[in-house]
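Structure at a glance
Each chain, written out:
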Amino acid sequence: MPRDRQARIATFAVFFVQGLAFSTLLTQVAALQHKHGLTEGELTLLLLVVPVIAGVGSVLAGQVAARWGSRFMILYVQPVACVAVALTGWAANVPLLVAALVLFGLGLGGVDAGMNMQGTAVERRYARPVMTGFHALWSLAAVIGAAWASNAAGIGLDLGPVFTIAMVPAVVISLVANRWLCGPAEEHVESVSEAPTVKIPWGPILPLCLAMAFLYVGDASVSNFGSVYFDQALGAEAWLAPWALGAYQAATFIVRIGGDAAVSRFGPATIVRVGGVVAALGFLLIVVAPGEATAIAGFALTGVGLSVVAPQSFSAAGRLDPAGTGVAIARVNMFNYVGFIVGAALVGGIGDAAGFQAAFVAPLILAAGIVVLARGFASPVRLPRADDPAIGRTP
């Protein structure tokens, strides 16, 4: 099998495992709340643990990747994240739950940064947009996680077995795929002694960072509070609650399948601008939804709009860092967690005070802000060709 194809398949696998782990845990937030008797305020504080610790994990990931490459980091960190998901389900009390979430947060931050470094390396090798395809498989895995959560709730399965059944094959897939990921030479990672000389200006990256933060305020509102919204705002049955995230991720997956072709035809700035408009309309439907069907349509429409922002943010960051040091990607990835922290605190706080239907006004406004930031995605920097010897390509 050609080396480029090997690296691409392996990167697909890493994205799949990450999406499955994330969705398996986040679709069960309402169930975790009921199991441990958490108030809305306690739930909000608990949900803040993951993005705060993930930010730390992302910083550490940048240091590890600069020295040994992202493949080395993913080898150890992704299985740890999967084990942490399983431990979350088995946690018998809140202190054990917090410990498991801390471990998951470290793993989440490390793998998020590492898998996008791998995606950027593969995109350079192909010399055309391929990043959205990786995120599409992440979304497909998230849909599978939501479907599994819904079925498990329908048969009354406890959280421990629910999480463990999903995570055992995830660990196997991650370990098998790791040997095909791009190594440091293929990523063109700078050595530690050279890394401080790399200068990546903040100016061109800032719009990408802000768009990422605004995206993840919306994403956090769906991931953290979608099931709670169905439970409390709509009084839906337990089996319907996972489909807030399920509808969101299903729509995200469908759009991302053709996302790379759309970016090639219309350009990233236009795609991101349209995405912001559609996402805002989706959040508006959630705010005014009279019942479950309208709400599911709103979550799906939101997924359509937000689906393009993250892959284009990482892809644009990669173009601003042609040496492949990972500096630009690490900066953009940090704002992933800024958005999650703000989203958990903002939406959770509003939901506690005014109800979760009103709480989705906040991500609605910020989704509209992505429209303004879209011009920053029109980067003049061209992707290097796959046969560029500076990339460090191996046969």
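Per-chain numbering applies: the sequence of each chain, read as written, is numbered from 1 onward. Totals for whole chains, interfaces and linings use every residue, but because this is a predicted model, local features are given only for residues with pLDDT of at least 70 and side-chain atom pairs only at 80 or more, for both listing and counting. In computing side-chain properties, one takes all heavy atoms of the structure into account and sets aside hydrogens as well as water.

Concerning the overall build of the protein chain
Put simply, the rule is: Only runs of H or I of at least four residues qualify as helices and only runs of E of at least two qualify as strands under DSSP, and these elements are numbered from the N terminus. The globule rule is 2.2 Å times the number of residues to the power 0.38, and the radius of gyration it is compared with is taken over C-alpha atoms. Throughout, exposure labels follow a simple rule: accessible area from a 1.4 Å probe, protein chains only, divided by the maximum for the residue type, with under 20% read as buried, over 50% as exposed, and the rest as partly exposed. Contacts are assigned to residue pairs that have any heavy atoms within 4.5 Å of one another. Charge counting treats Lys and Arg as positive and Asp and Glu as negative, with His and both chain ends excluded. Lysine's charge is taken at NZ, arginine's at CZ, aspartate's at CG and glutamate's at CD.
What the protein chain contains, in helices and strands, is 17 helices and zero strands. The C-alpha radius of gyration computed for the protein chain amounts to 20 Å, which stays within 12% of the reference 21 Å derived for 395 residues, consistent with globular compactness. The C-alpha extent of the protein chain, read off along each of the three principal axes, is 60 × 40 × 35 Å. Counting every position in the protein chain, which comprises 395 residues, the buried fraction comes to 58%. Taking contacts inside the protein chain between residues at least 6 apart in sequence as the whole, the part at least 24 apart equals 84%. Here the protein chain holds 20 positive side-chain charges and 19 negative ones, and the gap between their average locations is 13 Å.

What to know about the side chain of His36
Looking at where His36 falls in the secondary structure, it is placed in helix α2 (residues 29-36). If we ignore the near neighbours within four places in the chain, the residues touching His36 are Ala91, Ala92, Asn93, Val94 and Leu97.

Some thoughts on a nonpolar patch on the surface
Definition in use: Patch construction takes residues with relative accessible area above 30% that form no salt bridge. Like charges are linked within 9 Å, and nonpolar side chains (Val, Leu, Ile, Met, Phe, Trp, Tyr) are linked within 5 Å. Throughout, the Shrake-Rupley method with a 1.4 Å probe supplies accessible areas, and for residues the shown protein chains are the sole cover considered. Salt bridge criterion: a side-chain nitrogen from Lys or Arg within 4 Å of a carboxyl oxygen from Asp or Glu.
Together, Val80, Val83, Leu87 and Leu103 give the surface a local cluster of nonpolar side chains, amounting to about 280 Å² of exposed area. Ranked by residue count, the leading element in the nonpolar patch is helix α4 (residues 70-90), at three residues. Looking at the secondary structure, you find Val80 in helix α4.

A short note on the confidence of the model for the protein chain
The line we're drawing: In predicted models, pLDDT denotes the confidence assigned by the predictor to each residue on a 0 to 100 scale.
Of the residues in the protein chain, 92% reach a pLDDT of 70 or more, and the chain-wide mean stands at 85. Confidence over residues 189-197 falls short of pLDDT 50; this stretch has ten contacts with residues more than four positions distant or in other chains. For residues 380-395, every residue scores under 50 in pLDDT, and the model assigns this stretch 32 contacts once sequence neighbours within four places are set aside.

Comments concerning the packing of aromatic side chains
Definition in use: Two rings from Phe, Tyr or Trp (for Trp, the six-membered ring) form a pair when their centres are within 6.5 Å of each other. A pair whose planes differ by under 30 degrees is stacked, one over 60 is edge-to-face, and the rest are tilted.
Taken as a whole and assessed by the stated rule, the structure comprises 14 aromatic pairs. Ring centres of Phe22 and Phe340 lie 6.1 Å apart, and the angle between their planes is 80°; on these two criteria the pair is classed as edge-to-face. Here the residue Phe22 occupies a position in helix α1 (residues 3-26), and Phe340 occupies one in helix α15 (residues 327-354), the gap between them amounting to 318 residues. Comparing Phe22 with Phe340 shows no difference in burial state: the two are buried.

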